[in-house]
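Observations on the model geometry
For reference, the chains in residue letters:
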Amino acid sequence: MALPHVVSSPSSTSLSPSFKSKPPFHSLRSLSPTVDNRRRCKLNSSFRCSSSSFSEKHHNNAKSPKSDDIVELPLFPLPLVLFPGAILPLQIFEFRYRIMMHTLLQSDLRFGVVYSDSVSGSAAEVGCVGEVVKHERLVDDRFFLICKGQERFRVTNVVRTKPYLVGEVTWLEDRPSGEENLDSLANEVEVLMKEVIRLSNRLNGKAEKEVQDLRRNQFPTPFSFFVGSTFEGAPREQQALLELEDTAARLKRERETLRNTLNYLTAASAVKDVFPSSS
């Protein structure tokens, strides 16, 4: 189920200067955060520093990496943002990334996804680990992958660029949110998302049925990542959300964006009621 254009907040100030969003967003996805990317993605080994962040670990391995660990990680620049917990289907056909896949199949099946801006050609410093949970090797040596977002990281050094990009990374964690009531914030965001979905369905001529439980008992931090993953078509805004330092700040920014979107949809719905032929 796709949601409508999302209007960004003019009051948002935490975007990295190199990744300022411009309204409206193309779309917002409400259910599965799956991103299907099958187009050619050019590698760029030049990392532009953007606002850094810390995040929550989401890997299920008992030996979860610590924030002060420094490890080498294969990096895959893409014109999208992967969030912890999100599902990412990929088709690998470029030679250097096929080499990377052969290496990963003999190791831990984890690589780093970093957002590559198609306009500036630069890659973000903060990314998210993609773990291959399912793969299929095709007859022409291409690969079809299903990946799941895991920990966030920051690239601290580029180790090599051939045959594919490898960097040294440190793991990022969200800082404590102090006195903030994270559950209350998450519930507010969920209510707004449901209203956005309801009005979107109405404007698109779909039945106005009750929206399912979007949180699904998720804690506030993974829920904030889920919400960010639904802001499809606005990778700069998604990158800013990925880089934020704490869950409360992320949820507040998402709340503001959803409020703006709801105001836009409410006005559009009113126009449709008065002028049905304009829809």
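Reading the values: rules and limits
- Residues numbered from 1 in each chain as written.
- Predicted model: local features only at pLDDT ≥ 70, side-chain atom pairs only at ≥ 80, totals over all residues.
- Heavy atoms only, no water.
- Buried < 20%, exposed > 50% of the residue type's maximum accessible area, 1.4 Å probe, protein only.
- Helix = DSSP H or I, 4+ residues; strand = E, 2+ residues; numbered from the N terminus.
- Pairing = 2+ DSSP bridges.
- Core = buried A, V, L, I, M, F, W, Y, C linked by side-chain atoms within 4.5 Å.
- Contact = heavy atoms within 4.5 Å.
- Arc of directions from axis to C-beta.
- Axes fitted to C-alpha atoms, helices over the stretch in contact; angles between N-to-C directions.
- Parallel < 35°, antiparallel > 145°, perpendicular 65-115°, else oblique.
- Left-handed = near helix turned anticlockwise from the far one by under 90°.
- Nonpolar A, V, L, I, M, F, W, Y, C, P; charged D, E, K, R; others polar.
- Polar contact = N/O pair within 3.5 Å; in protein donor to acceptor, adjacent residues only side chain to side chain.
- Phe/Tyr/Trp six-rings, centres within 6.5 Å; stacked < 30°, edge-to-face > 60°.
- Lys NZ or Arg CZ within 6 Å of the ring centre and 35° of its normal.

**Looking at the pairing of strand β5 (residues 87-92)**
Of all six residues making up β5, five are buried, and the element is well covered by its neighbours. Note that β5 and strand β9 (residues 143-160) share six bridges and pair antiparallel. Paired with L90 across the bridge in β9 is L145.

**Looking at the nonpolar core**
L90 and F111 are the most contacted members of the largest nonpolar core, which has 50 residues in total. When residues of this core are assigned to their parent elements, the largest contribution, eight residues, is made by helix α2 (residues 182-203). Not counting the four nearest positions on each side in its chain, F111 is found in contact with L73, P74, F76, L90, M100, L104, C128, V129, G130, V132 and C147.

**Let's talk about helix α1 (residues 95-104)**
Listing the buried residues of α1 in full gives Y97, R98, M100, M101 and L104. Each buried residue of α1 lies within a common arc of 155 degrees when the element is viewed along its axis, so the set occupies one face. As for α1, its buried residues are in contact with β4 (70-78), β5, β6 (110-115) and β9.

**Section: helix α4 (residues 235-243)**
For α4, a buried count of seven out of nine residues is recorded, marking the element as mostly surrounded by other parts of the structure. Every buried residue belonging to α4 is among E237, Q238, Q239, A240, L241, L242 and E243, and all of these are buried. Looking at the buried side of α4, the elements it contacts are β6, β7 (123-124), β8 (126-137), β9, α3 (220-229) and α5 (247-274).

**Here's the deal with the packing of α4 against α5**
For the pair α4 and α5, the least separation of the axes is 9 Å and the interaxial angle reads 150 degrees. By the angle between their axes, α4 is roughly antiparallel relative to α5. Every pair of crossing elements has a handedness; the one defined by α4 and α5 is right-handed. Packed against α4, whose contacting residues are E237, A240, L241 and L242, the element α5 presents R250, R253, E254 and T257 at the interface. Residue composition of the contact of α4 with α5, by class: three nonpolar, one polar and four charged.

**Looking at the side chain of D174**
Here D174 shows up in the loop between β10 (166-172) and α2. Residue class for D174 comes out buried when judged on its relative accessible area of 15%. At a separation of 2.6 Å, a polar atom in the side chain of D174 contacts the side chain of R152. A polar contact is formed between the side chain of D174 and the side chain of T247, at a distance of 2.7 Å.

**Considerations on the packing of aromatic side chains**
Going through the model one piece at a time under the given rule, you end up with four aromatic pairs. Their ring planes at 50 degrees and their centres at 6.1 Å tell us that F76 and F111 sit as a pair that is tilted. Here F111 lies in strand β6 and F76 lies in strand β4, a separation of 35 residues in the sequence. Judged by relative accessible area, F111 falls into the buried class, the value being 0%. Between F83 and F225, the aromatic rings sit 6.3 Å apart at their centres with planes inclined by 45 degrees, giving tilted as the arrangement. A residue pair is termed long-range when its members are at least 10 positions apart, and F83 in the loop between β4 and β5 and F225 in helix α3 qualify at 142 residues. Note on F83: relative accessible area 0%, which makes it buried. Its relative accessible area of 0% is what places F225 among the buried residues. The aromatic ring of F223 is capped on one face by R215, whose charged end is 5.8 Å from the ring centroid.

**A short note on the environment of V211**
Within the secondary structure layout, V211 lies in the loop between α2 and α3. When the C-alpha positions of V211 and E195 are compared, they lie 8.5 Å apart, and in sequence the two are 16 residues distant. If we skip the residues at most four places from it in the chain, V211 touches K194, I197 and R198.

**Notes on unusual backbone geometry**
Across the junction of K162 and P163, the peptide omega takes the value 0 degrees, indicating a cis bond. Mapped onto the secondary structure, P163 falls in the loop between β9 and β10. The phi angle at D141 is positive, at roughly 75 degrees, despite the residue not being glycine. Look at R216: it is not a glycine, yet its phi comes out positive at around 50 degrees. By the secondary structure assignment, R216 is in the loop between α2 and α3.

These values are about where atoms sit, not about what they do.
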